[in-house]
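Structural overview
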Amino acid sequence: MLTKSGAEDVTETDQTEIDLGLDVGSAYLIEAKTGKVLYAENEFSAASPASVTKIMTLLLVCEALDAGKFKLDDTVTISAYAAGMGGSQVFLEEGERMTVEELIKCTVIASANDAAVALAELTAGSEASFVRAMNKRAGELGLKATSFENTTGLDDTTTNHYSCAADIAKMSRELIKHDIILKYSSIWQDTIRDGSFTLTNTNRLVRYYDGCNGLKTGSTDKAGYCVSTTAKRGNMQLIAVIMGAKTRDSRNASARALLDFGFANFALYESEKKFIENVPVLCGTSDFVPIVCGEFYAVIDKAKLSEVELVYEIPENISAPVAEGQNIGKIIYKLDGEQIGECDILAGADVEKINLLGIFWRIITRIICG
């Protein structure tokens, strides 16, 4: 990782000091598949996250969806409290009815505070109960400098509502595992109310940056301008977090600079789960067992993507019984002579130990078949 902060719990793999000249409070860049940190600047410095708060709000809603608490086409009746939210909104009215998916769309694209609160009330019964769940989930994720007082990020009256760039990146990484989020965060414009109300994405990079597919912006007087931006090119998905920028343009320029840095210098090496070969089995009901390796991912220097070396450690044979999934050996991945990771090699099938009847039958078969 390339870092300006030298935080103790960030593993450094390169001692080169990189300064991108970002005029921001903090900045953080990670690769989404592996969580690899590519750039960090004041990443654990706590500050108001403004509407970037809604990353955690949306995460809890998506997890409730996965748990079957409600469905996307369920209809929600808007409460007076949700309709009374200020700031960015889609002007929901008390008693108005919208589907869960429409409310998610409004929250993701337009950063609608009223829609976010309506989703919180649906999920937990009240915003207060939902906020307790947000803080509980923050603890489960191991977030180091995060505390929530509301679901929206409105911070005029908050005293204990904050997060940091590293925590926001971790939340974002969890959130984009849910397909519905990138479905809407990658859209520049959409509509609700049968096309009569237009939603325009608050993240302009979705329209102007190649590969940008999300995620969430925020701005208040206290927070300045913040964003967690996601972008994908080829097989590599990056998450860039900016906090405390002075203007919208400097926020967007800084996020672009982070993403440019990541795509220009790094690549995601990946090896998918695959069959390797058959290994002889001694005293088994089968003479061979297929072996497979699992998935492996590593972020490396882009210029060295073709230089990764694979070292296989596979026994010449294995004794029965063999259980499917049993560890048989491993693949060691190396770059410039240094190990960058390893992957277990597993048995792809069960092979039972042969008994005396099986041995006798095998002998007879071989005599008959020559």
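All values reported here derive from a predicted model rather than from experimental measurement. (Residues numbered from 1 in each chain as written. Predicted model: local features only at pLDDT ≥ 70, side-chain atom pairs only at ≥ 80, totals over all residues. Heavy atoms only, no water.)

1. Points about the packing of helix H4 (residues 113-124) against helix H5 (residues 127-140)
Spelled out, the test is: Fitted lines through C-alpha atoms serve as axes, helices being fitted only where they are in contact, and the angles separating the N-to-C directions of these axes extend from 0 to 180 degrees. Put simply, DSSP H or I for four residues or longer makes a helix, DSSP E for two residues or longer makes a strand, and each gets a number counted from the N terminus. Note on terminology: angles under 35 degrees are roughly parallel, angles over 145 are roughly antiparallel, angles of 65 to 115 are roughly perpendicular, and the others are oblique. By definition in these notes, contact holds between two residues if any of their heavy atoms fall within 4.5 Å. All amino acids are sorted into three groups, where Ala, Val, Leu, Ile, Met, Phe, Trp, Tyr, Cys and Pro are nonpolar, Asp, Glu, Lys and Arg are charged, and the leftover types, Gly among them, are polar.
Between H4 and H5, the shortest axis-to-axis distance is 8 Å and the interhelical angle comes to 80 degrees. The angle between the axes of H4 and H5 places the two elements in the roughly perpendicular class. From H4, Val117, Ala120, Glu121, Thr123 and Ala124 reach across to H5, where they touch Glu127, Ser129 and Phe130. Looking at the contact of H4 with H5, its residues break down into four nonpolar, two polar and two charged.

2. Overview of the confidence of the model for the protein chain
Low pLDDT marks regions whose predicted coordinates should not be analysed in detail. To be explicit about the condition: Looking at any residue, its pLDDT shows the predictor's confidence there, from 0 to 100.
Averaged over every residue, the pLDDT of the protein chain is 91; the share at 70 or more is 91%. Every residue in residues 1-16 scores below 50 in pLDDT, and together they form 39 contacts with partners more than four places removed in sequence or on other chains.

3. Here we look at the packing of helix H1 (residues 54-66) against helix H6 (residues 165-175)
The condition is simple: In a left-handed crossing the near helix is turned counterclockwise from the far helix by less than a right angle, and in a right-handed crossing that turn is clockwise.
Put simply, H1 and H6 touch, their axes get as near as 9 Å, and they point 30 degrees apart. Relative to H6, the element H1 is oriented roughly parallel. Our pair here, H1 against H6, has a crossing hand that is left-handed. Touching Ile55, Met56, Leu58, Leu59 and Cys62 of H1 are Ile168, Met171, Ser172, Glu174 and Leu175, all from H6. When the residues that make up the contact of H1 with H6 are grouped by side-chain class, the tally is eight nonpolar, one polar and one charged.

4. Some words on the sheet that holds strand E18 (residues 338-347)
Put simply, the test is: Two strands pair if DSSP finds at least two bridges between them.
The mixed open sheet is built from six strands, whose spatial order is E15-E17-E18-E13-E12-E16. The open sheet has two edge strands, strand E15 (309-313) and strand E16 (318-319), and neither has a second partner. Pairing geometry for E15 and strand E17 (residues 327-335), over five bridges, is antiparallel. When the sheet's bridge partners are listed, Tyr312 is paired in E17 with Ile331.

5. So, the packing of aromatic side chains
Applied cut-off: Any Phe, Tyr or Trp ring, taking Trp's six-membered ring, that has another such ring centre within 6.5 Å forms a pair; planes under 30 degrees apart are called stacked, those over 60 apart edge-to-face, and the others tilted. Relative accessibility decides the category of a residue: with a 1.4 Å probe and only protein chains considered, values under 20% of the type maximum give buried, values over 50% give exposed, and everything between is partly exposed. A ring has a charge above it when a Lys NZ or an Arg CZ is no more than 6 Å from the ring centre and no more than 35 degrees off the ring normal.
In the structure shown here, the tally under the stated rule is seven aromatic pairs. Where Phe91 meets Phe197, the ring centres are 6.4 Å apart and the plane angle is 65 degrees; that geometry is what we call edge-to-face. Here Phe91 is found in the loop between helix H2 (80-83) and strand E5 (97-99), whereas its partner Phe197 is found in strand E7 (residues 197-200), with 106 residues between them in sequence. According to the relative accessible area criterion, Phe197 is partly exposed, its value standing at 22%. With 3.9 Å between their ring centres and 0 degrees between their planes, Phe296 and Tyr333 make a pair best called stacked. Pair noted here: Phe296 is in strand E14 (residues 296-301) and Tyr333 is in strand E17, with a separation of 37 residues, a long-range link. Residue classification places Phe296 among the buried residues on the basis of a relative accessible area of 7%. Here a set of aromatic residues connected by ring pairs shows up, and it is made of Tyr39, Phe261 and Phe266. The side chain of Arg193 reaches across the aromatic face of Phe197, ending 5.2 Å from its centre.

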